[in-house]
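What the coordinates show
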Amino acid sequence: MDPTPSPSTPEVNQGKPFSGARVLVAVAIGSAIGAAIAFFLTVLIKNSPAEIPDQRTRLFVIMVITSGGLAGFSIESMRQLQEETTDEAYRRYNRHRGMRR
């Protein structure tokens, strides 16, 4: 089995281009979920007996929101790239995927 692709088969499916707008929507949704989680954690921090400076709390909130946006970006990008590929290894249905042994 030769791992190099033949010149007749393209690497990506040209009929379905990469959509940057969908990625931006996923970033916005991920950031919104991150903001909701950050708000929940901020309420917990404020109502705890621990004294945490406001600057650290703000940096923590920014980190959680950014992490949510980055997660949305990576999930949607990988989903689109996996859809575009012509390699059958990415398209085969694996009924054992996600099952523990």
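Residues numbered from 1 in each chain as written. Predicted model: local features only at pLDDT ≥ 70, side-chain atom pairs only at ≥ 80, totals over all residues. Heavy atoms only, no water.

**With respect to the overall build of the chain**
For clarity, the cut-off: Here a helix means four or more residues in a row that DSSP labels H or I, a strand means two or more in a row labelled E, and each is numbered from the N terminus. Throughout, a contact is declared for two residues whenever any of their heavy atoms are within 4.5 Å. Where accessible areas are quoted, they stem from the Shrake-Rupley method and a 1.4 Å probe; at the residue level, only the protein chains shown are allowed to cover.
Helix and strand counts for the chain come out as two helices and zero strands. Contacts spanning at least 24 positions in sequence make up 73% of the contacts within the chain whose residues lie at least 6 apart. Surface exposure of the chain reaches about 8500 Å², of which carbon and sulfur atoms provide 64%.

**As for helix H1 (residues 20–46)**
For an α-helix, the turn length of 3.6 residues means that residues three or four places apart are oriented alike. Convention followed: An expected span of 1.5 Å times one less than the residue number is assigned to each helix. Each residue is placed in one exposure class: buried if its accessible area under a 1.4 Å probe, protein chains only, is under 20% of its type's maximum, exposed if it is over 50%, and partly exposed if it falls in between.
The first and last C-alpha atoms of H1 sit 38 Å apart over 27 residues, in line with the 39 Å expected at 1.5 Å per residue. The set of residues buried in H1 consists of Val-23, Ala-26, Gly-30, Gly-34, Ala-38 and Thr-42.

**Regarding the packing of H1 against helix H2 (residues 54–84)**
Rule in force here: Think of each axis as a best-fit line through the C-alpha atoms, taken over the contacting stretch in the case of a helix, with angles from 0 to 180 degrees between the N-to-C directions. Here the word oblique covers every angle except those under 35 degrees (roughly parallel), over 145 (roughly antiparallel) and from 65 to 115 (roughly perpendicular). Less than a right angle of anticlockwise turn of the near helix away from the far helix marks a crossing as left-handed, whereas a clockwise turn marks it as right-handed. Charged residues are taken to be Asp, Glu, Lys and Arg, nonpolar residues to be Ala, Val, Leu, Ile, Met, Phe, Trp, Tyr, Cys and Pro, and polar residues to be all remaining types, Gly included.
The geometry of H1 relative to H2 is characterised by a closest axis approach of 7 Å and an angle of 150 degrees between their N-to-C directions. Overall, the two elements H1 and H2 adopt an arrangement that is roughly antiparallel. The handedness of the crossing between H1 and H2 comes out as right-handed. For the contact of H1 with H2, the residue count by class is 13 nonpolar, 10 polar and five charged.

**Quick word on the pattern of salt bridges**
For clarity, the threshold we go by: By definition here, a salt bridge exists when the distance from a side-chain nitrogen of Lys or Arg to a carboxyl oxygen of Asp or Glu is within 4 Å.
Throughout the structure, instances matching the rule amount to three salt bridges. When the shortest N-O distance is used, the salt bridge between Arg-22 and Glu-76 registers 3.8 Å. Here the residue Arg-22 occupies a position in helix H1, and Glu-76 occupies one in helix H2, the gap between them amounting to 54 residues. Arg-22 sits in the partly exposed class, given a relative accessible area of 43%. Residue classification places Glu-76 among the buried residues on the basis of a relative accessible area of 12%. A single salt-bridge network, built from bridges that share partners, covers Arg-22, Glu-76 and Arg-79.

Nothing here speaks to function; it is geometry throughout.
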